[in-house]
There are 2 protein chains.
Amino acid sequence: MIDVCLLGTGGMMPLPYRWLTSLALRYNGRTILLDCGEGTQIALKKAGWSPNPIDVILFTHYHGDHIAGLPGMLLSMGNADRTEPVLLAGPRGLEKVVSSLRVIAPELPFELRYKELTENEESFPLPDAPELRITARKVNHRVTCYCYSFELGRQGRFDAQRAKELSIPLPFWSRLQKGETIEDGGRVYTPDMVLGPAREGLKVAYATDSRPCGNIVKAAEGADLFICEGMYGDDEKLPKAREKKHMTFREAAEIGKAAQPARMWLTHFSPSETRPEQFLSGAQQIFPPVSCGKDGRSLTLNFKDE
Amino acid sequence: MIDVCLLGTGGMMPLPYRWLTSLALRYNGRTILLDCGEGTQIALKKAGWSPNPIDVILFTHYHGDHIAGLPGMLLSMGNADRTEPVLLAGPRGLEKVVSSLRVIAPELPFELRYKELTENEESFPLPDAPELRITARKVNHRVTCYCYSFELGRQGRFDAQRAKELSIPLPFWSRLQKGETIEDGGRVYTPDMVLGPAREGLKVAYATDSRPCGNIVKAAEGADLFICEGMYGDDEKLPKAREKKHMTFREAAEIGKAAQPARMWLTHFSPSETRPEQFLSGAQQIFPPVSCGKDGRSLTLNFKDE
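Sequence order as written defines the numbering, with residues in each chain counted from 1. Each chain gets a letter, beginning with A, and each ligand a number, beginning with 1, in the order they are written. With pLDDT at 70 or above as the cut-off, local features in this predicted model cover only qualifying residues; side-chain atom pairs require 80 or more to be listed or tallied, and sums for whole chains, interfaces and linings still use all residues. Side-chain numbers here rest on the full set of heavy atoms in the structure, without hydrogens or water.

### Description of the overall build of chain A
- Within chain A one finds ten helices and 16 strands.
- Against the globule reference of 19 Å for 306 residues, chain A gives a C-alpha radius of gyration of 21 Å, in line with a compact fold.
- Its C-alpha atoms give chain A principal-axis dimensions of roughly 70 × 50 × 35 Å.
- Each residue is assigned to one of three classes by its accessible area relative to the maximum for its type, calculated with a 1.4 Å probe on protein chains only: buried under 20%, partly exposed between the two thresholds, exposed over 50%. Residues counted as buried form 56% of the 306 residues belonging to chain A.
- Pairs of residues are marked as contacts when any of their non-hydrogen atoms sit within 4.5 Å. The long-range share in chain A, meaning contacts at least 24 apart out of those at least 6 apart in sequence, stands at 64%.
- Accessible surface area values rest on a Shrake-Rupley calculation with a 1.4 Å probe, where residue burial reflects the displayed protein chains alone. Carbon and sulfur atoms form 48% of the exposed surface of chain A, whose accessible area is close to 12,600 Å².
- For the purpose of charge, His is not counted, nor are the chain termini; Lys and Arg are scored as positive and Asp and Glu as negative. To locate a charge, take NZ of a lysine, CZ of an arginine, CG of an aspartate or CD of a glutamate. Separation of charge centres in chain A, based on 38 positive and 39 negative side chains, amounts to 3 Å. Where helices and strands are cited, they refer to DSSP runs of H or I of at least four residues and of E of at least two residues respectively, numbered from the N terminus. Just to be clear, the radius of gyration here is over C-alpha atoms, and the globule rule we use is 2.2 Å times residues to the power 0.38.

Shown next as structure tokens:
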């Protein structure tokens, strides 16, 4: 099960009625935060999520509207008595940027660990939870910028009949189900002895601040939920989208059409787009499942036959 | 005339229902901002004030809840097409802290000028408006911290009778009234020839993040409005107030009693004080005019006989 909450849907600057774009993702009691603009800690609290369990903070890039809220968020995590290390990941330069911002948050009761992305595509597990893989892919913005996808694997069904046939002692069943290999009395039991083929897992993708590109299509392919920037609703703003390296709603919808996610939410609306819904129908003509994100819009994704 | 707006009333961290403590003060079309925690630019917009005319930003100190919103505010001022220089003032270290935070706001279309405070008491004019004097005084917090007062002087009444008696040409009257000295045909006309004694002006004081101290009393003496921190309402939190170098409501009220401002608003409430009003009566027993600040609470101060 994965819970997602789109904390905000604004681009460029926070507004009284719209927080900056940021996504919180919860899996097994642990939270991953994507981007942290000014006010993100307030949006998180408003959504009812605590800052303490944030184990990972991922950055698409280091424009102010995606990272200015970090010092306050780190201070609030400290005030919430977090002591476990926090993994930060983002494009090259991460440690320098974060260290510079920490001039106002120099003392924290937890360690910061850095993962600087340098490749076109990089994949790494959620620390201590290898079943959730995070993949970062380079996109096309004015500065180096990455999109992210999250894939939660699901092992095969446990075959009790087979376990009985192999005379595997009952106390080992749940350990094998969790992926453990067990040695007992000269015999070795491995998970593949009792688990069927891997089943369909869950996938979430998040892409913002980019022109359309193949890497976003890859990230969103077959996702259960794809969250994508749509800076401008009005097609007349296409030249501006090209200049600022953002997308129109229709351009985002074309990515949806190519990648075929089950659900697609637009976000990162320009402050000039006060009513983004009015431009949605154009995008839905291209890819019907697309809809507008809203601050605090949440979804719980479950495995298919749970 | 001075307009003031208490943008927020929170201390320590921004909350969904309470912005961080910050004051905006407007005089003659120009805005002075005091402190700029995370979200201050949103609170400013919510109050209906524009970021463009902010000529001066004053900092009491550099804890995150008083400065984390600066990079976003500067970026928004740039987006609002500001090009005139901005004066920043605060305790020693200002330029270092601001430069460090500007890692995410490196390019601005206006110049930043710095005034680092080092003395126990320092006074300087609002740039290009010497009639408004800003005075900073050191207070008593865990780090170097200053309170501020603003005094708008008011010249004497123009004496038309006297101007006639001195045969001062009519076209010079308004220039003399504005404080200009005029030479004409070998004669010199000075403002004091036609202006009565200086009249009562306006005074606003702002003190936050401090134990009670004499410098705050001086800043607030005879003020038309005194805005003062009251981190804790409950008297039982006095030991905590001492430890964290803040004040209780009653301690703040004692400052009011000593300084006798016309009005006094409490602010910078601890996140634990969800209903500060419930502790107000204790403070009012000490100094009746004291009241609780509220996010967005505004006041226009006019000269007495306007």
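### Thoughts on the relation of the copies chain A and chain B
- We superpose the copies by least squares over the C-alpha atoms of residues that have a pLDDT of at least 70 in both of them. Superposing chain A onto chain B requires a rotation of 180° together with a translation of 0.0 Å along the rotation axis, leaving an RMSD of 0.1 Å. The superposition operator between the copies reduces to a two-fold rotation axis.
- Most of the interface of chain A is mirrored in chain B, where 100% of its interface residues are also at the interface.

### Observations regarding the interface of chain A and chain B
- Chain A puts 29 residues into the contact, and the matching count from chain B is 29 residues.
- Looking at the side of chain A facing chain B, the largest losses of area belong to Glu38, Ile42 and Ile104 of chain A, adding up to 27% of the total buried there.
- Whenever two N or O atoms come within 3.5 Å, that pair is a polar contact, provided that in protein one can donate a hydrogen and the other can accept it, and provided that, for residues adjacent in sequence, both atoms are side-chain atoms. Counting across the chain A and chain B interface gives seven residue pairs in polar contact (both at pLDDT 80 or more).
- Those elements that place two or more of their residues in the side of chain A that touches chain B are helix H1 (40-46), helix H2 (64-67), helix H3 (70-79) and helix H4 (94-101) of chain A.
- Looking at the side of chain A that touches chain B element by element, the count peaks at five residues for H1 of chain A.
- Considering only residue class, the side of chain A that touches chain B consists of 15 nonpolar, ten polar and four charged. The term buried area means the drop in 1.4 Å probe accessible area that two parts suffer when joined, counted for both and summed. Note on residue categories: nonpolar means Ala, Val, Leu, Ile, Met, Phe, Trp, Tyr, Cys or Pro, charged means Asp, Glu, Lys or Arg, and polar means any other residue, Gly included.

### Quick word on helix H4 (residues 94-101) of chain B
- Among all positions in H4 of chain B, only Leu94, Val97, Val98, Ser100 and Leu101 of chain B are buried. Looking straight down H4 of chain B, one finds that the buried residues subtend no more than 160° of arc, so they occupy a single side.
- On its buried face, H4 of chain B is in contact with H4 of chain A together with helix H2 (64-67), helix H3 (70-79), strand E5 (86-91) and strand E6 (112-117) of chain B. The directions considered for the arc run from the helix axis to the C-beta atoms.

### Things to note about the environment of Leu280 of chain B
Residues and elements named next belong to chain B.
- Positionally, Leu280 belongs in helix H10 (residues 280-286).
- Along the sequence, Leu280 and Ala205 sit 75 residues apart, while their C-alpha atoms lie 20 Å from each other.
- Among all residues touching Leu280, those that are not within four sequence positions of it are Phe249, Leu266, Val290, Ser291 and Cys292.

### Observations concerning the state of the cysteines
- Disulfide: a pair of cysteine sulfur atoms within 2.5 Å of each other. Tallied over the full model, the rule gives zero disulfides over all chains.
- With no disulfide of its own, Cys292 of chain A lies 12 Å from the sulfur of Cys228 of chain A, the closest cysteine sulfur.

### Details of the sheet that holds strand E3 (residues 30-34) of chain B
Residues and elements named next belong to chain B.
- For two strands to count as paired, DSSP must find a minimum of two bridges between them. Spatially, the seven strands line up as an open sheet ordered E6-E5-E4-E3-E2-E1-E16, and their pairing is mixed. A single partner strand is all that each edge strand has here, and the edge strands are E6 and strand E16 (297-301). Between one strand axis and the next, the sheet turns through 15° on average, direction left out of account.
- When strand E1 (residues 2-8) meets strand E2 (residues 22-27), the two strands line up antiparallel, connected through six bridges. Its bridge partner lying in E2, Ile2 is registered against Tyr27.
- The angle between two axes is taken between their N-to-C directions and runs from 0 to 180 degrees, where each axis is a line fitted to C-alpha atoms and a helix contributes only its stretch in contact. Along the sheet, H3 contacts E3, strand E4 (54-58), E5 and E6; its crossing angle with E4, the most-contacted strand, is approximately 175°.

### Quick look at the pattern of salt bridges
- Salt-bridge detection follows one rule: a side-chain nitrogen of Lys or Arg within 4 Å of a carboxyl oxygen of Asp or Glu. For the structure shown, the criterion picks out 29 salt bridges over all chains.
- The partner of Arg162 of chain A in a salt bridge is Glu165 of chain A, and the shortest N-O contact between them spans 3.7 Å. You can see Arg162 of chain A and its partner Glu165 of chain A sitting in helix H5 (residues 160-165), three residues apart, about one turn around the helix.
- Relative accessible area serves as the criterion here: at 54%, Glu165 of chain A is assigned to the exposed category.
- Ionic pairing is found between Lys237 of chain B and Glu273 of chain B, a salt bridge with its closest N-O pair at 3.7 Å. On the criterion of sequence distance, the pair formed by Lys237 of chain B in the loop between strand E13 (225-229) and helix H8 (238-244) and Glu273 of chain B in the loop between strand E14 (264-267) and H10 is long-range, its members being 36 residues apart.
- Looking at Lys237 of chain B, the relative accessible area reads 23%, which means it is partly exposed.

### Here's the deal with the sheet that holds strand E3 (residues 30-34) of chain A
Residues and elements named next belong to chain A.
- Spatial strand order, E6-E5-E4-E3-E2-E1-E16: seven strands in an open sheet with mixed pairing. Both outer strands of the open sheet, strand E6 (112-117) and strand E16 (297-301), are each paired with one neighbouring strand and no more. Neighbour-to-neighbour, the strand axes of this sheet turn through a mean angle of 15°, independent of strand direction.
- Sheet analysis places E3 next to strand E4 (residues 54-58), joined by four bridges and oriented parallel. Of the residues in E4, the one forming a bridge with Thr31 is Ile54.
- Against the sheet, H3 engages E3, E4, strand E5 (86-91) and E6, with an angle of about 175° to E4.

### Describing the packing of aromatic side chains
All names here are of chain A.
- Pairing of aromatic rings covers Phe, Tyr and the six-membered ring of Trp, with a centre-to-centre limit of 6.5 Å; geometry is then stacked below 30 degrees between planes, edge-to-face above 60, and tilted otherwise. Throughout the structure, instances matching the rule amount to eleven aromatic pairs over all chains.
- Aromatic side chains Phe172 and Tyr189 sit 5.6 Å apart centroid to centroid with 55° between the ring planes, which places their arrangement in the tilted category. Of the two residues, Phe172 is situated in the loop between H5 and helix H6 (173-177) and Tyr189 in strand E11 (residues 187-189); the sequence distance between them amounts to 17 residues. The residues Phe172 and Tyr189 share a single accessibility class, namely buried.
- Aromatic rings pair up to connect Phe249, Phe269 and Phe279 into one cluster.
- By definition, being over a ring means that NZ of Lys or CZ of Arg is both within 6 Å of the ring centre and within 35 degrees of the ring normal. For the cation-ring pair, Arg26 lies above Trp49, with the distance from its terminal atom to the ring centre recorded as 3.8 Å.

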